Amino acid sequence: MADTPSDRAATRWSTVFGGCALRRHQLLLSLVGVGCVVLGILVAVLVPESDGPAWVMAVAGCLATGVLLLARVGLALLRPGRGTAS
């Protein structure tokens, strides 16, 4: 009997997690990434530094999340043939 892609577990998992949501929702993910960066900048400017390590972690977390989302969307767009929304 022939081995089809649906018979292999690795192929099924790669299909499930193959980045379809990234291709479909690039604009939404880009807006969320920009929003996270803006939120990190606003927290850094508006919240007093007297809150200690929690303030630094909040700013670093917001900025890192935004940059990672934007980088992921950018890399998907640069990949040949896989970054276009269809």
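Refer to the structure above for everything that follows.
The present account deals with the structure reproduced in this document. (Residues numbered from 1 in each chain as written. Predicted model: local features only at pLDDT ≥ 70, side-chain atom pairs only at ≥ 80, totals over all residues. Heavy atoms only, no water.)

1. Some remarks on the overall build of the protein chain
Here is the rule: Helical segments are the DSSP runs of H or I of at least four residues, strand segments are the runs of E of at least two, and each set is numbered from the N terminus. Pairs of residues are marked as contacts when any of their non-hydrogen atoms sit within 4.5 Å. Accessible surface is estimated by sampling points in the Shrake-Rupley manner with a 1.4 Å probe; for residues, cover comes only from the protein chains shown.
Helix and strand counts for the protein chain stand at four helices and zero strands. The order of helices and strands in the protein chain, counted from the N terminus, is α-α-α-α. Put simply, 58% of the contacts in the protein chain that link residues at least 6 apart link residues at least 24 apart. Accessible area of the protein chain: about 6,300 Å², with a carbon and sulfur share of 73%.

2. Quick look at the packing of helix 3 (residues 26–46) against helix 4 (residues 53–78)
For the record, the criterion: For helices, the fitted axis covers only the stretch in contact; all axes are lines through C-alpha atoms, and the angles between them, taken along N-to-C directions, range from 0 to 180 degrees. Under this scheme an angle from 65 to 115 degrees is roughly perpendicular, one under 35 degrees roughly parallel, and one over 145 degrees roughly antiparallel; angles in between are oblique. Handedness of each helix crossing follows the sense of rotation of the near helix against the far helix: counterclockwise by less than a right angle gives left-handed, clockwise gives right-handed.
With their axes 8 Å apart at the nearest point, helix 3 and helix 4 run at an angle of 155 degrees to one another. Taken together, the axes of helix 3 and helix 4 lie roughly antiparallel to each other. The element helix 3 and its partner helix 4 pack so that their crossing is left-handed.

Read these as layout, nothing more, since geometry by itself doesn't imply function.
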